[in-house]
Amino acid sequence: MLLAMEQARAAEEAGEVPVGAVILSPEGEVVACGENRVLRDSDPTAHAEMVALRAAGRVLGNYRLPGCTLYSTLEPCSMCSGAILHARVARLVFAASDPKAGACGSVLEVMNHPRLNHQVELVGGVLALECGQMLTEFFRARR
């Protein structure tokens with residue numbers, strides 16, 4: 001999660017909402033990192049998780065990421081949750097819950113819907129205070 005937080009700080013320095021993501025292989029090696037890039041890329045799908053998933057797919061030569069773990073500083077939205085499921089990520093670890101767009105239980109329950117054929121191990125709240133504070137300070141400075 002600390003590496004994901006570094007990605008979030010890099011996003012913030014670039015004027016983006018500070019969200020970062022990291023994908024680890026089943027062996028625990030860093031496969032890919034991502035930071036929010038929606039403004040820089042003029043791309044509404046360039047959330048940190050999506051950036052990391054795309055990079056991991058290129059590195060591994062496969063759109064499926066079985067056995068991989070994705071770390072995110074913020075609870076994924078429905079778009080990112082859907083992509084995580086389609087990629088067959090084994091485990092999702094996120095920090096702060098997202099009361100406005102979270103799709104892992106805060107607003108929606110996209111992840112691990114009982115009718116889906118893939119289930120992801122979910123761990124929430126890891127360094128939630130620190131990551132939540134980073135987001136709060138970012139938005140406070142914007143207002």
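Here, the structure is the one placed above.
The rules we used
- Residue positions are given per chain, counting from 1 as you read along its sequence in written order.
- Given that the model is predicted, a residue must reach a pLDDT of at least 70 before its local features are reported, and side-chain atom pairs must reach 80 or more before they are shown or counted; all residues, however, enter totals for whole chains, interfaces and linings.
- Excluding hydrogens and water, the side-chain figures rest on all heavy atoms present in the structure.
- Burial classes follow relative accessibility: with a 1.4 Å probe on protein chains only, a residue under 20% of its type's maximum area counts as buried, one over 50% as exposed, and anything between as partly exposed.
- Helix and strand assignments come from DSSP, with helices taken as H or I runs of at least 4 residues and strands as E runs of at least 2, each series counted from the N terminus.
- The contact definition used throughout considers only heavy atoms, calling two residues in contact when any of these lie within 4.5 Å.
- Stacked, edge-to-face and tilted are the three classes for Phe, Tyr and Trp ring pairs, Trp counted by its six-membered ring, which pair at centre distances within 6.5 Å; planes under 30 degrees apart are stacked, over 60 edge-to-face, the rest tilted.
- Angles shown run from 0 to 180 degrees and are taken between the N-to-C directions of axes, each axis being a line fitted to C-alpha atoms and, for helices, limited to the stretch in contact.
- An angle below 35 degrees is read as roughly parallel, one above 145 as roughly antiparallel, one from 65 to 115 as roughly perpendicular, and any other as oblique.
- Classification used: nonpolar for Ala, Val, Leu, Ile, Met, Phe, Trp, Tyr, Cys and Pro, charged for Asp, Glu, Lys and Arg, polar for all others including Gly.

Of the positions making up helix H4 (residues 78-86), those classed as buried are Cys80, Ser81, Gly82, Ala83, Ile84 and Leu85. Lining the buried residues of H4 we find helix H3 (48-60), strand E3 (69-74) and strand E4 (91-96). Arg88, located one to two residues past H4, shows a positive phi value of around 65°.

A word on the packing of aromatic side chains. Enumeration over the complete set of coordinates arrives at one aromatic pair. A ring pair is formed by Phe138 and Phe139, whose centres lie 5.1 Å apart and whose planes are at 80°; its orientation type is edge-to-face. With a relative accessible area of 6%, Phe138 lands in the buried category. For Phe139, a relative accessible area of 34% puts it in the partly exposed group.

Each packed pair of helices is defined by two parameters, the angle between the axes and the distance between the axes. Orientation of helix H1 (residues 2-13) relative to helix H5 (residues 128-142), taken along the N-to-C sense of each, is 5°, at an axis distance of 11 Å. Here H5 runs roughly parallel to H1, going by the angle between their axes. Facing H1, whose interface residues are Met5, Ala8, Arg9 and Glu12, H5 presents Glu130, Cys131, Met134 and Phe138. Residue classes in the contact of H1 with H5 are distributed as five nonpolar, no polar and three charged.

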